[in-house]
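Coordinate analysis (summary)
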Amino acid sequence: MTARLELQNISRVFDGTPVVQDVNLQLEEGQVACLLGPSGCGKSTTLRIIAGVDRQTTGSVIIDGQVASDDKVHMLPEHRSIGLMFQDFALFPHLNVAQNVAFGLRKKQGRAARVRDLLERVNLQGYDKKYPHQLSGGEQQRVALARAVAPRPRVLLMDEPFSGLDNRLRDDVRDATLELLKAEGTAVLLVTHDPEEAMRMADMIALMRDGKIVQMGAPFNIYNAPVDKAAAAFFSDINVVPGKVTNALTDSPFGQFLVPGLTNGAEVEIVIRPQHLKLDFDRNGKGPLPTPQDGVPARGIVARSRFLGDHSLVEFDMDFDCSRLRVVVPGVFLPEKGRALWLSMRRDRCFVFPKT
């Protein structure tokens, strides 16, 4: 199958500074992919290159097997059959809802039926005569979505489209958007700095940093097998336990960890998320040891505890090296400061990286 969108070795240089570096990506029909990364990492520039409003310094943009842009060819944006959605919605204030949705439909035949069908599918039936200023933010977003998919673009590019909505409304609009895009079979490239949004919507995530894609894969794989400490930290809070290599092993509060392939004396970092540390409430030095996968139990002293709604966050100063570790506990658990508790680390849930 020919990829709906393919980027081959895309780079963009501004005034001698590389902004996008050697980006490769394939997007299939009906697939939702996400460019995820912090502000300024090159995500929006990549989107503008695909749309044709900016031109890459090197590399090729290929749409449905046809070169849209390389060092010899540069197809105009209006000839690429690409839909665009942005944070500000960009609805035409002088056009009503139906006219906004119909704006990109060139043929009059079937136009009214297409507009009516899309408004029903985004739950805005009866809104056709309203104007943008009469709509809420979520309703404007859904009109912008209907307008973007109305011409049946081969690729839809979405740049932070939900960031202007409040949290409660954002989840509803995301779900409605995903449902419509899947029904249309549209290939979608979403740009966001929000890892939760990427995990919620994308079939594939491309994690960007400093203009490069540093890791790409399904959300499950990206989350559970991060390429480095920064990748792990982008998706959640992390604990970092420092160590030093001796004969392919490093010591930690939780026993020794294997670190093959590193020379003696090399510094490493053991990374584990707060929700993957376990508390042995009844141990107190006497109860049964955890299973082997939990490693050696280690004692910590409660430094602080806070209730955060559906979970509690407890911070410990560890006896082993006085380092501070954070533990997420479901529900309400607020031990007093100074209390000693035993912790264990899920070895299958931690990552060991060379220190950078």
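Each remark here, short or long, concerns the structure printed above.
Conventions and cut-offs
Residues numbered from 1 in each chain as written. Predicted model: local features only at pLDDT ≥ 70, side-chain atom pairs only at ≥ 80, totals over all residues. Heavy atoms only, no water. Helix = DSSP H or I, 4+ residues; strand = E, 2+ residues; numbered from the N terminus. Buried < 20%, exposed > 50% of the residue type's maximum accessible area, 1.4 Å probe, protein only. Contact = heavy atoms within 4.5 Å. Areas by Shrake-Rupley, 256 points an atom, 1.4 Å probe, with all protein chains shown as cover. Lys, Arg positive; Asp, Glu negative; His and termini not counted. Charge placed at Lys NZ, Arg CZ, Asp CG, Glu CD. Salt bridge = Lys/Arg side-chain N within 4 Å of Asp/Glu carboxyl O.

Right, let's get into the overall build of the protein chain. Assigned secondary structure in the protein chain consists of eight helices and 20 strands. Counting the 356 residues in the protein chain, one finds 48% classified as buried. Put simply, 64% of the contacts in the protein chain that link residues at least 6 apart link residues at least 24 apart. If you sum the accessible surface of the protein chain, you get close to 17,400 Å²; carbon and sulfur atoms cover 51% of it. Considering the protein chain, the positive charge centre built from 44 side chains and the negative charge centre built from 43 side chains are found 2 Å apart.

Before going further, it helps to spend a moment on the pattern of salt bridges. Counted under the stated rule, the structure contains 22 salt bridges. Here R121 ties to D117 by a salt bridge, and the two come within 2.9 Å at their closest N and O atoms. Residue R121 and its partner D117 are both found in helix α3 (residues 111-121); the two are separated by four residues, about one turn of the helix. Among the residues examined, R121 registers a relative accessible area of 33% and is labelled partly exposed. R174 is the partner of E197 in a salt bridge, and the nearest nitrogen-oxygen pair spans 3.0 Å. A residue pair is termed long-range when its members are at least 10 positions apart, and E197 in helix α6 (residues 195-201) and R174 in helix α5 (residues 167-184) qualify at 23 residues. This pair shows no difference in class: E197 is buried, exactly as R174 is. Each of D171, R174, D175, D194, E197 and R200 takes part in a single network of salt bridges with overlapping partners.

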